[in-house]
Amino acid sequence: MKRTIMTKLMTGLICALLSLPAIAQEDELKDLPGYVDFGDLSSLYGEPKIIINLGGTMLNFVSMMSSANSPETSELISKLKGVRVQIYSTDKNPDAARAQFNKVKGDLKSSGWEPIVQVNEEDQQVLIYMKMKDGNMEGMTVMVVDDEEAVFVNVIGQLNPAELGKVMDSLDVDVDLDLP
Amino acid sequence: MNKYDDKWEDRINALLDGELSDTDAEALKAEATDDRELAGAIVEAYQLQRAMDAVHVERAPASLRKRLRTIPRKHRAASGINLFQPRWAMALTAIPLAIIAVNLMQPDTPSADEIAKARQQLAIAFAYLDKAGSITGREIESTIAHTMADALRGSVNRTIKFSNEHTKEKEV
């Protein structure tokens, strides 16, 4: 009897240990000070139309691959520890997304994030928050909610928004977003 | 312990237990006749055996004997692998440690496709950041423009008002 329990325990332990890398990758971002929990709106809007979770390891590889063509881009990416994006289609019904927007905003305020810009139009809300420590940026959060979509972006690490434009060209990826 | 303890021990024990053949027993006794140390060892062993025989051994109660007999059965190694045996416990402990070590020493290296996909995802993330920046930038420009316009309008109005009042005073 004891042997059976022991065998099951050991099997469970080995299985848990084998799944460690996947768990660790997810937790790698959660433990960082610039991480923000956006919650889950999939029960209201379905699965996000875009979901991005880039951890430090992958960003390091992207940075290395960019170093030859664009040292500037490589330098910018190397300062990032994680990039997370969740985009839902609100489909003319942004109320739930707005509620989540306000909830996350409250969480950010209470956890030491600083508001940088906030736009409160009737048809569109935009919010940019940053978390700083000792003059260094630990993270940036951008949320946009309108009639078409709810965008939640969390950048963990250091990022100079002024350099984004230059870097986007060097990434050589065609991304065309409709501006309202 | 004399030097014969190891060399002659088996033969002395066999002699005392009556397991030595007559030829071997005679040979041993003959050697002991010429060797005082060997003779002493045989005498000591003989005296020890007699002393042990003299010890009265109490027979344990039947219930205790029954319980004692069950102990080996309870602790008998189960057929196959017993995970409680120290060697198996150590081996099982080593497996998780080996897995952790392999995971730590060999980080997942993404393929070229995965890196290209990550690059594309990063560009999308940056595009959305840029979009948010454009919206807020427009809003800031608009707010500043309105504020400046209001300030200018107020200043102009005040100037016109002052100018009108000044003209009226001159007329008076």
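Nothing here was measured: the structure is a model prediction, and the numbers come from that model.

Caption draft 1: Focus on the overall build of chain B. Helix and strand content of chain B: six helices and zero strands. Listed by position from the N terminus, the elements making up chain B come as α-α-α-α-α-α. Counting the 172 residues in chain B, one finds 11% classified as buried.

Caption draft 2: Quick peek at unusual backbone geometry. Non-glycine residue A:Lys92 carries a positive phi angle of around 65°. Considering the arrangement of structural elements, one finds A:Lys92 in the loop between strand S2 (80-89) and helix H6 (95-110).

Caption draft 3: A look at the sheet that holds strand S4 (residues 124-133) of chain A. Residues and elements named next belong to chain A. Strand order in this open sheet of six strands is S1-S2-S6-S5-S4-S3, and the pairing throughout is antiparallel. Edge positions in the sheet fall to strand S1 (50-54) and strand S3 (114-120), since each has one partner strand and no second. With strand direction ignored, the average angle separating the axes of adjacent strands in the sheet is 5°. Here ten bridges tie S4 to strand S5 (residues 136-146), and the two strands are oriented antiparallel to one another. Bridge pairing links Val 126 to Val 144 in S5. Sitting on the sheet, helix H4 (residues 56-66) is in contact with S1 and S2, with an inclination near 105° to S2.

Caption draft 4: Structural context of the packing of helix H5 (residues 71-78) of chain A against helix H7 (residues 164-171) of chain A. Residue and element names in this part refer to chain A. Contact pair H5 / H7: the axes reach a minimum separation of 9 Å and the direction vectors enclose 115°. It follows that H5 is roughly perpendicular to H7 by the angle criterion. Of the two elements, H5 crosses H7, and the hand of that crossing is left-handed. Contacts from Glu 72, Thr 73 and Leu 76 of H5 reach H7 at Lys 166, Val 167, Ser 170 and Leu 171. Across the contact of H5 with H7, the residue classes break down as three nonpolar, two polar and two charged.

Caption draft 5: Region of interest: the nonpolar core. Grouped together as the largest cluster of nonpolar side chains are 48 residues, with contacts concentrated most on A:Val83, A:Met143, A:Val153 and B:Ala125. Of the residues forming this core, the biggest block, nine residues, is contributed by helix H6 (residues 112-171) of chain B. Apart from residues lying up to four places away in sequence, A:Met143 is in contact with A:Phe101, A:Val104, A:Leu127, A:Val151 and A:Phe152. Counting residues in hydrophobic clusters, the runner-up holds six residues, among them B:Trp8, B:Ile12, B:Ala32 and B:Ile42.

Caption draft 6: Just H4(A), in detail. Of all the positions in H4(A), only A:Met58, A:Leu59, A:Phe61, A:Val62 and A:Ser66 are classed as buried. Looking straight down H4(A), one finds its buried side chains confined to an arc of 155°; they lie on one side.

Caption draft 7: Here's a closer look at the confidence of the model for chain B. Residue and element names in this part refer to chain B. Confidence in the prediction of chain B, expressed as mean pLDDT, is 74, and 70% of residues score 70 or more. By mean pLDDT, helix H4 (residues 62-75) is the weakest element of chain B at 68, and helix H2 (residues 22-34) is the strongest at 81. For this predicted complex, the interface confidence score (ipTM) comes to 0.79, while the overall pTM stands at 0.57.

Caption draft 8: Layout of the environment of A:Glu148. Within the element layout of this structure, A:Glu148 appears in the loop between S5 and strand S6 (149-157). Judged by the 16 C-beta atoms lying within 10 Å of it, A:Glu148 falls in the partly exposed class.

The rules behind these values
- Residues numbered from 1 in each chain as written.
- Chains lettered and ligands numbered in written order.
- Predicted model: local features only at pLDDT ≥ 70, side-chain atom pairs only at ≥ 80, totals over all residues.
- Helix = DSSP H or I, 4+ residues; strand = E, 2+ residues; numbered from the N terminus.
- Buried ≥ 20, exposed ≤ 12 C-beta atoms within 10 Å, placed from the backbone.
- Pairing = 2+ DSSP bridges.
- Axes fitted to C-alpha atoms, helices over the stretch in contact; angles between N-to-C directions.
- Contact = placed C-beta atoms within 7 Å.
- Parallel < 35°, antiparallel > 145°, perpendicular 65-115°, else oblique.
- Left-handed = near helix turned anticlockwise from the far one by under 90°.
- Nonpolar A, V, L, I, M, F, W, Y, C, P; charged D, E, K, R; others polar.
- Core = buried A, V, L, I, M, F, W, Y, C linked by C-beta atoms within 7 Å.
- Arc of directions from axis to C-beta.
- pLDDT = per-residue confidence, 0-100.

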